[in-house]
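If you want the building blocks of each chain, they are given just below.
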Amino acid sequence: VAAFITKSFDRLPSEVLSALVVLSCFGASADISLIEVLEREIEQPLIAPLDDAVAHSVLGKRNGKFYFMHDKLQEAAYSKMKPEERCLHHNRYGLALGFVAV
């Protein structure tokens, strides 16, 4: 199953895959308002590519949240990051959101 999902991800546009990787750092779901703030702060398109992922049935969108349709999809997106870079991604997003919250 993991190999099938990973192969399916490789067919997605790079901008969509990049946005999925960002979303995967937040777990199974994230508030759209949080993603909008993050998009502005890191200056990376997120909302439009995630909407595209919804159209590809990778994500769902309901009650003000984007959510992965299955935990294996979230895991596959997260695995697209090199293990040694994961802390850097988490740190970058945390700092970006932390500056807004202060």
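Residues numbered from 1 in each chain as written. Predicted model: local features only at pLDDT ≥ 70, side-chain atom pairs only at ≥ 80, totals over all residues. Heavy atoms only, no water.

Participant: Before we go on, may I ask you to explain the overall build of the protein chain in this structure?
Facilitator: Across its full length, the protein chain carries 6 helices and 3 strands. In sequence order, the secondary structure elements of the protein chain are arranged as α-α-β-α-α-β-β-α-α. Here the C-alpha atoms of the protein chain give a radius of gyration of 13 Å, agreeing with the 13 Å that 2.2 N^0.38 yields for 102 residues. By residue count, 36% of the 102 residues in the protein chain fall in the buried class. Considering only intrachain contacts with a sequence separation of at least 6, the fraction spanning at least 24 residues in the protein chain is 64%. Within the structure as shown, the protein chain displays about 6000 Å² of accessible surface, and the carbon and sulfur contribution to it stands at 56%. (Helix = DSSP H or I, 4+ residues; strand = E, 2+ residues; numbered from the N terminus. Rg over C-alpha atoms; globule rule 2.2 N^0.38 Å. Buried < 20%, exposed > 50% of the residue type's maximum accessible area, 1.4 Å probe, protein only. Contact = heavy atoms within 4.5 Å. Areas by Shrake-Rupley, 256 points an atom, 1.4 Å probe, with all protein chains shown as cover.)

Participant: Please explain the pairing of strand S3 (residues 65–68) as it appears in this structure.
Facilitator: Walk down a regular strand and you will see the side chains alternate between the two sheet faces. Residues of S3 alternate between two faces, with Phe66 and Phe68 buried on one and Lys65 and Tyr67 left unburied on the opposite face. Of the pairings in the sheet, the one linking strand S1 (residues 29–31) to S3 comprises 3 bridges and is antiparallel in character. If you follow Ala30 over to S3, its bridge partner there is Phe66. The pairing of strand S2 (residues 59–62) with S3 spans 4 bridges and is classified as antiparallel. Bridging from a neighbouring strand, Lys61 pairs with Phe66 of S3. The antiparallel hairpin formed by S2 and S3 contains 2 residues in its connecting segment, where Asn63 sits at a positive phi of about 50°. (Pairing = 2+ DSSP bridges.)

Participant: When you look at the packing of helix H2 (residues 14–24) against helix H5 (residues 71–79) in this model, what are you seeing that I'm missing?
Facilitator: Angle between the axes and distance between the axes are the two parameters that describe a pair of packed helices. For the pair H2 and H5, interaxial distance at closest approach is 8 Å and the crossing angle is 105°. Between H2 and H5, the angle falls in the class roughly perpendicular. Only Gln74, Ala77 and Tyr78 of H5 make contact with H2, whose side of the interface consists of Leu20, Val21 and Ser24. A breakdown of the residues in the contact of H2 with H5 according to their chemical character gives 4 nonpolar, 2 polar and no charged. (Axes fitted to C-alpha atoms, helices over the stretch in contact; angles between N-to-C directions. Parallel < 35°, antiparallel > 145°, perpendicular 65-115°, else oblique. Nonpolar A, V, L, I, M, F, W, Y, C, P; charged D, E, K, R; others polar.)

Participant: How do you make sense of the sheet that holds S2 when you look at a structure like this?
Facilitator: Backbone hydrogen bonds hold the strands of a sheet together, and the pairing may be parallel or antiparallel. Reading across the sheet, the 3 strands line up as S1-S3-S2 and stay open at both edges, with antiparallel pairing between neighbours. The sheet is open, and its two edges are formed by S1 and S2, each paired on a single side. Strand-to-strand twist across the sheet, computed as the mean angle between neighbouring axes with direction ignored, equals 20°. Against the sheet, helix H4 (residues 47–55) contacts S2 and S3, and its axis sits at roughly 110° relative to S2.

Shape is all these values report; function is a separate question.
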